[in-house]
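Each chain, letter by letter, is given below.
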Amino acid sequence: MTVDAAPGYQPGRTLSFTTELRRQLTRRRTQYGFGFLALLPLLLLGAFQLGGPDDGGSQRGASLVDVATAGGPNFAAFTLFASATFLVVVVVALFCGDTVAGEASWGSLRYLLALPVPRSRLLRQKLLVGAATSAAAVVLLMTVAVVGGTLVYGWHPLRTPIGAEVAPWTSLGLLALATGFLLVHLLIPGTLAFLLSVRTDQPLLAVGGAVMLYIVSNILDLVPALESVRFVLPTAYNLAWTGVFSSPLQYEDMAKGAISALLYATVFLLLAWRAFARKDVVS
Amino acid sequence: MALPSRPARLRAALSRPSVRRRVVTGAVVAVLVAAGITWAAWPSGEPYGSSDAMVTVRSGPGGDEPVTLDTGLYVPRSATSAHPAPAVLLAHGFGGTKDSVATEAKELAGQGYVVQTWTARGFGRSGGRIGLDDPAYEVNDARRLLDRLAGMPQVQKDRPGDPRVGVVGGSYGGGLALLLAGHDPRVDAVVPQITWNSLSRAFFPNSDGGPATSGVFKRSWAGLFFGSSGLDPAAILGGGAAAPDASGSPAPSSSGAPASGGPRRAAPPAADPQCGRFTAEICRMYLEIATTGRATPSAQALLDRRSPQSVLDRITAPTLLVQGQADSLFPLAEADANARGIAANGTPVRVAWYSGGHDASGSQADQDRVRFLTLQWLDRYVKKAGSGGTSFTFSNSGGLNLSTGRVTSTGFSAPAYPGLAGSGDPRRITLSGPPQTIAAPPGGSPAAISTVPGLGAAGALVGGATIDVPGQVASFGSGPLDRAVDVVGAPTVRLRAASATGEAVLFVKLYSVGPDGRSTLPQGLVAPLRLTGLPRTLDAAEPVRVALPAIAYRLEAGQRLRLAVSTTDQAYALPTDPTTYQVAAAGDLTLPTVPATPLAATGSLWTRLLVGLVLVLALALAVGALVARVRRRRVSSTVDPENADRPLVIRDLSKAYDDGFVAVRDLTFTVERGQVLGLLGPNGAGKTTTLRMLMGLIRPSGGEIQVFGHRIRAGAPVLSRLGSFVEGTGFLPHLSGTDNLRLYWRATGRPDADSYLAEALEIAGLGSAVERKVKTYSQGMRQRLAIAQAMLGLPDLLVLDEPTNGLDPPQIAEMRQVLRRYATDGRTVLVSSHLLAEVEQTCTHVVVMHQGTLVAAGTVAEVTGESSSVLVGVDDTDAALRVLAGATGVTRAHSSDGGVVVDLDPSLNGTGRIEVVRQLVEGGVGVDRVSPRRRLEDVFLTLVGGDKQ
């Protein structure tokens, strides 16, 4: 009888979720990411307090600004609008893009692999923790926004840009739905950053690359000539969650956006798994 | 020797599997991307041919006035004289040209219809003057086009001279479609969209049902149509009014097309700048009504001759009426009148409302619905293929989609068209409020704003654009609604009014008021009212029934209603004399309802797709996990029993990197339990590559590694019996040394008790520094911590790569002790080093590598032990070599740095050296020293020296 492995070793128990979570949560960049997202609503609150009444600019989507100070839920909706297309994307790209490349740059990746944490499991745990911290960060943002907005502007019904009103508790449900969709949609920058993270040893390249591609997609989104192929752009549906503020609720774009996000995420993750399974880890 | 040709080199390069794979993958991706772009951008092969022609037809009351029309013809390729196709006459909106309907024409041609488009007389490049769908001119023009279609062999005929044809058009074109159907029995089906029943009522509405002669002049819309005749109405109406043309439906205007027609106009320049391209008759009529604000009987007669209402009883072609809910020009009541008039003959009529109209383009879903219904109607009654329901569909505008800025809507369906009074139980709402006195300002200014032609309620929808002037408006409010009500149709209310002049012009609006007090005027629609014969006081006033504009609008529970009666409205001609009115509500407000079911939205389709996708992905994930588990189990169960007790067996191991560099070549050696094996070689000898392969980090390109009989691959469980420190440390810099080791051990998932953390930390010897963050450590401290990490759990095989780098001499000495002790109870240590002394002092066994190959292997004693070679220092090398050439006991001699190297016959057992010295001295060669050569050093120095060259 031979000994297959060291006593107590089971591939399925290596790098548990809590261990990986501890590895990531103790990192400064994670703490800064959470800090920024918690701070943003407060900054916005301060800006609104300093800035006096708005001049009623009402462009595409800007109408969420017009009603931003109508109450806590309204303020949270505006916060989501203000952060969804960039800040949150950067934080998610950071959490998901730094996770493997960061280990590679420290040199700790090879020791994890030699533990051995099976490669597939390593990716899975990293992805789960990256996704969980990303989700937690967005939820933190929204929680601070709701609480802060309510403290300053009161617990009032959500006033939608089209003039309807939604009872505060119901509006929390709508905000949760919008946040939920946003989280699903963030799979695109998240898994893209994760793919780049697996392909490179430089965290900056992974995070920056994902954000850059996202920005390029956003720019292409603005080109009218691409209207007919707009739906394939990863950012085509990044504001679809505003459909929850329509009456009746507009979920068609959210469904399309979720499909787009899942397809993109599947492709990115398959590529990531394939790349990592064959990769020669030399860093 | 010739260089290999380029293809040969390419082939050579491609023959490396990884390169080939990458090239192939890249090529496949490139082809797919290119194909995708091509597919998206390539114009799909057109299944029809199109041609333009300037056609002169004889028209007018006597059929003898020639006019040149700019026409376009789209013929499906499938249409031949043997297989003729049905035809569609496609008319454009006011201010447009045949180009405005090109998109829809192509779509219909793609569906197998011969499509005839043309620019109506007075527009674009066509000749003639605008007669406002005059039966003698515009309608006769269209009849001549029917003649033309009848003469085409590829057009299907009902009988000679009678083509199978449907007529489709929006607004101006819709009016023409109905009038044509009334004047020419050859028409087989009509689809008039957003058009009028009575032009006089459309421009002189009176919501108490009075005649146009007492109506209130819809000044701003009329101004856009008539007053701008010399200009492009489209330029004034702007993009906002280009209502449904995004869907390909005919529109009252279309951006772009008229502008390009300007300089090429075939029509004579307008003689009278006042009249533009209108006929003199129309022009005179307009100047008259616009000046007085009243319709004279002659004006009414002129307008009515151009209205479908005059021919409804003659229409036998099945009619699909599409009317816009956002339409302050031709409101839903116009389509209602058409529907009732045509249905009275027993002609099939279907009605559809959608969220667009002259004021908005409508939601995408609604545009799709209109397109679908139009095609379904044509297929049923022109192509006579397929069936279609008779249901009435409408749309509940739900607001704006913030990400696209478009109106959103939910479609509803009812079994049959109920008319404007609804088919369900009407809701009665009690209005309260005292009688109020309101003022009509002199000159009609300032005026309330409710509708902006072409923009309609777009402003009102986002709140704030609807303005009432205080003092000019009487309000009657309701309590909050106890439950939501979907209003479908025209609400009605009774009012009483009194006026000092006996006459009153009033504008009645029904606002929905949110809980926050904000008012919304559905679609910005207003009911204008001219009352005559009013008493001076309310006491004597009779109730007047007012039909408010028809809407499809959801009122939520908790909302209230406010009936506003205003004396002014910007969009209408107003009395100029100041006066006051008294107004009172007389009875309940009646809200019509229609029992309807929501249409399956495309959203639900996508939601179902999403659910399906999630299920598929979940299934794929589960299957993938299962397959991976089975495969893992199969792989890990293969053990080579022969080597089950050998810590390490390396066989024919090779590693060639992608760039062709061969780091390790055919390496074979074995490590037994209890050994401290030194892997010795200069930098670049392939030591680290070998160790990486041993850890499963990189894949060998040939041969295999077995650890305790298990073949090593990425993540092989047996790696858990191996502790390693290879090529630099790897710590989380923000954590302390202890935390790093603790987390590392936790990541193994093994019991804490097995970690021997304390012992490892003792070996690291970092003292209190273990509690400091690793990023503050020196290189040596990190090194020691890394070795401690490798020893966690006391692995059976400890692999250390250059462990003494960066350590100071006492620590090196200590490390040697540690490593030797570590191997005592059956454990094994593998140390790589480029220092001979290091290996000599630490190891029991040694493997020497150079340029990826094994040079020597064995016990240190064997490899480094004294050999039978000696280095002899002599004063004359040549003489010495001469002497030694024939000496006994010498197998070989050659010169070397500082003397000659002499290989002795090993059988002499050491006496050979004495013999060599004796012979040299006897041969007259001076000997100054004799030193033993150690083979390892010899080899090693040669190798290192060789590397320096």
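Residues numbered from 1 in each chain as written. Chains lettered and ligands numbered in written order. Predicted model: local features only at pLDDT ≥ 70, side-chain atom pairs only at ≥ 80, totals over all residues. Heavy atoms only, no water.

Undergrad: Just to check I follow, could you spell out the overall build of chain B for this structure?
TA: A tally of regular secondary structure across chain B gives 25 helices and 40 strands. By the burial criterion, 53% of the 949 residues in chain B qualify as buried. Long-range pairs, those at least 24 residues apart, make up 75% of the contacts in chain B with a sequence separation of at least 6. As displayed, chain B offers around 39200 Å² of accessible surface, 55% of which is attributable to carbon and sulfur atoms. (Helix = DSSP H or I, 4+ residues; strand = E, 2+ residues; numbered from the N terminus. Buried < 20%, exposed > 50% of the residue type's maximum accessible area, 1.4 Å probe, protein only. Contact = heavy atoms within 4.5 Å. Areas by Shrake-Rupley, 256 points an atom, 1.4 Å probe, with all protein chains shown as cover.)

Undergrad: Sorry, what's going on with the interface of chain B and chain A here?
TA: The extent of an interface is frequently quoted as the accessible surface area lost upon association of the parts. Contacts between the two partners involve 73 residues from chain B, matched on the other side by 65 residues from chain A. Of the roughly 5900 Å² buried between chain B and chain A on both sides combined, carbon and sulfur atoms contribute 58%. Between the two partners, chain B and chain A, sit one salt bridge. In this structure, A:D280 engages B:K655 in a salt bridge whose closest nitrogen and oxygen atoms are separated by 2.7 Å. Connecting chain B to chain A are 15 residue pairs in polar contact (both at pLDDT 80 or more). Residue assignment for the side of chain B that touches chain A shows that the elements contributing at least two residues are α2 (17–41), β11 (392–401), β12 (406–414), α15 (602–636), β32 (722–725) and α17 (737–748) of chain B. Per element, the largest residue contribution to the side of chain B that touches chain A is eleven residues, and it comes from α15(B). Along the lines of polarity and charge, the residues of the side of chain B that touches chain A split into 33 nonpolar, 26 polar and 14 charged. (Buried area = accessible area lost by both parts, 1.4 Å probe. Salt bridge = Lys/Arg side-chain N within 4 Å of Asp/Glu carboxyl O. Polar contact = N/O pair within 3.5 Å; in protein donor to acceptor, adjacent residues only side chain to side chain. Nonpolar A, V, L, I, M, F, W, Y, C, P; charged D, E, K, R; others polar.)

Undergrad: Even after reading the chapter, I still don't get a negative patch on the surface, so can you show me in this structure?
TA: Residue and element names in this part refer to chain B. Residues D875, D876, D878 and D928 make up a contiguous surface patch of negative charge. Inspection of the secondary structure puts D875 in the loop between β37 (866–874) and α23 (877–885). By relative accessible area, D875 is classed as exposed at 60%. (Patch = residues over 30% accessible without salt bridge, like charges linked within 9 Å, V, L, I, M, F, W, Y side chains within 5 Å. Lys, Arg positive; Asp, Glu negative; His and termini not counted. Charge placed at Lys NZ, Arg CZ, Asp CG, Glu CD.)

Undergrad: I would appreciate a short explanation of the confidence of the model for chain B in the present structure.
TA: Low pLDDT marks stretches whose predicted atomic positions should not be read closely. Summary statistics for chain B give a mean pLDDT of 83 and a share of 84% for residues scoring 70 or more. pLDDT under 50 marks residues 1–15 of chain B. Its contacts with residues more than four places away, or in other chains, come to five contacts. (pLDDT = per-residue confidence, 0-100.)

Undergrad: Would you mind going over a nonpolar patch on the surface with me for this structure?
TA: On the surface, a nonpolar cluster with roughly 310 Å² of combined accessible area is contributed by A:M212, A:V216, A:L220 and A:V223. Mapped onto the elements of the fold, A:M212 is located in helix α10 (residues 203–221).

Undergrad: Before we go on, may I ask you to explain the environment of B:L599 in this structure?
TA: All names here are of chain B. Tracing the sequence through the fold places L599 in the loop between β26 (597–598) and α15. A C-alpha to C-alpha distance of 5.0 Å links L599 and F412, two positions 187 residues apart in sequence. Non-local contacts of L599, meaning those with residues more than four positions away in its chain, are made with R369, T393, G411, F412 and S413.

Undergrad: When you look at the packing of aromatic side chains in this model, what are you seeing that I'm missing?
TA: Within a pair of aromatic rings, the relevant descriptors are the distance that separates the centres and the angle that separates the planes. The final tally for this structure, using the stated rule, is 24 aromatic pairs over all chains. On the numbers, 5.2 Å between centres and 85° between planes, the contact of B:F94 with B:Y172 is edge-to-face. Taken together, the positions of B:F94 in the loop between β3 (87–91) and α3 (102–110) and B:Y172 in helix α5 (residues 172–183) put the pair 78 residues apart, joining distant regions of the chain. Within the aromatic cluster, the residues linked to one another by ring pairs are B:W353, B:F392, B:F394, B:F412 and B:Y417. Lying across the ring of A:F276, A:R119 places its NZ or CZ 5.7 Å from the centre. The lysine or arginine in question, B:R721, covers the ring of B:F708, its NZ or CZ lying 3.8 Å from the ring centre. (Phe/Tyr/Trp six-rings, centres within 6.5 Å; stacked < 30°, edge-to-face > 60°. Lys NZ or Arg CZ within 6 Å of the ring centre and 35° of its normal.)

Undergrad: Any chance you could explain the sheet that holds strand β29 (residues 676–680) of chain B here in plain terms?
TA: Strand-to-strand pairing in sheets goes through backbone hydrogen bonds, with the strands running parallel or antiparallel. Residues and elements named next belong to chain B. The six strands are arranged β32-β33-β34-β29-β35-β36 in an open sheet whose pairing can be described as mixed. Strands with a single pairing partner mark the edges of an open sheet, and in this sheet they are β32 and β36 (853–859). With strand direction ignored, the average angle separating the axes of adjacent strands in the sheet is 15°. The pairing of strand β35 (residues 845–850) with β36 spans six bridges and is classified as antiparallel. Across the sheet, the residue bridging to H845 is T859, located in β36. (Pairing = 2+ DSSP bridges. Axes fitted to C-alpha atoms, helices over the stretch in contact; angles between N-to-C directions.)

Undergrad: What is the right way to read the packing of helix α1 (residues 17–25) of chain A against α17(B) from this model?
TA: The description of two helices packed together rests on the angle between their axes and the distance between the axes. Two elements in contact, α1(A) and α17(B), have axes whose closest approach is 9 Å; the angle formed by their N-to-C orientations is 150°. Between α1(A) and α17(B), the interaxial angle falls into the category roughly antiparallel. When you trace α1(A) past α17(B), the crossing you get is left-handed. In this structure, α1(A) contributes A:T19, A:R22 and A:R23 to the contact, and α17(B) contributes B:D739, B:L743, B:R746 and B:A747. Looking at the contact of α1(A) with α17(B), its residues break down into two nonpolar, one polar and four charged. (Parallel < 35°, antiparallel > 145°, perpendicular 65-115°, else oblique. Left-handed = near helix turned anticlockwise from the far one by under 90°.)

Undergrad: Whenever I open this one, helix α18 (residues 757–764) of chain B confuses me. Can you help?
TA: Side chains three or four residues apart in an α-helix point the same way, a direct result of the helix having 3.6 residues per turn. Residue and element names in this part refer to chain B. All of the buried residues in α18 are L757, A760, L761 and A764. Along the axis of α18, the buried positions cluster into a sector of 100°, meaning they face one direction only. Opposite the packed face of α18, turned more than 90 degrees from it, sit the exposed residues A758 and E762. Positive phi appears at G765, one or two residues downstream of α18, with a value of about 60°. (Arc of directions from axis to C-beta.)

Undergrad: Just checking my understanding: could you explain the pattern of salt bridges for this structure?
TA: When charged atoms on two side chains of opposite charge get close, those side chains can pair. Residue and element names in this part refer to chain B. Under the defined criterion, the tally for this structure stands at 45 salt bridges over all chains. A salt bridge links E802 to K687, with the nearest nitrogen and oxygen atoms 3.8 Å apart. Remark: K687 occurs in helix α16 (residues 687–694) and E802 occurs in the loop between β33 (797–801) and α20 (809–822); sequence separation between them is 115 residues. Across the pair, K687 and E802 agree in class, each one buried. A network of salt bridges, in which partner residues are shared, links R143, R144, D147, D184 and R186.

Undergrad: How should I be thinking about the side chain of A:K279 in this particular structure?
TA: Structurally, the position occupied by A:K279 is in the segment after α11 (252–278). Polar side-chain contacts of A:K279 include one of 2.9 Å to the backbone oxygen of A:V198. Residue contacts for A:K279: discarding those within four places in its chain leaves A:R119, A:V198, A:R199, A:T200, A:D201 and B:L697.

Undergrad: Sorry if this is basic, but what is going on with the sheet that holds strand β27 (residues 648–656) of chain B here?
TA: All names here are of chain B. Spatial ordering of the open sheet is given by β28-β27-β30-β31, a layout of four strands whose pairing is antiparallel. Each edge of the open sheet carries a strand with a single partner, namely β28 (662–671) and β31 (710–711). Relative to β31, strand β30 (residues 702–707) runs antiparallel, the two being bridged by two bridges. Residue Q706 lies in a different strand from β31, and its bridge partner there is R711. Contacting β27, β28 and β30, α16 runs over the sheet at an angle of about 115° to β27.

Undergrad: I'm lost on the pairing of β32(B) in this one. Help?
TA: Look at any regular strand and the pattern is simple: side chains alternate between the two faces of the sheet. Residue and element names in this part refer to chain B. In β32, alternate side chains face the same way, and those of L722 and S724 on one face and G723 and F725 on the other are all buried. Of the strand pairs in this sheet, β32 and β33 are connected by four bridges, and their pairing is parallel. Within β33, the position partnered with G723 by the bridge is L798.

Undergrad: Please explain α16(B) as it appears in this structure.
TA: Residue and element names in this part refer to chain B. Burial runs high along α16: seven of the eight residues are buried. Of the positions making up α16, those classed as buried are K687, T689, T690, L691, R692, M693 and L694. Backbone geometry just after α16 places G696 at a positive phi near 80°.

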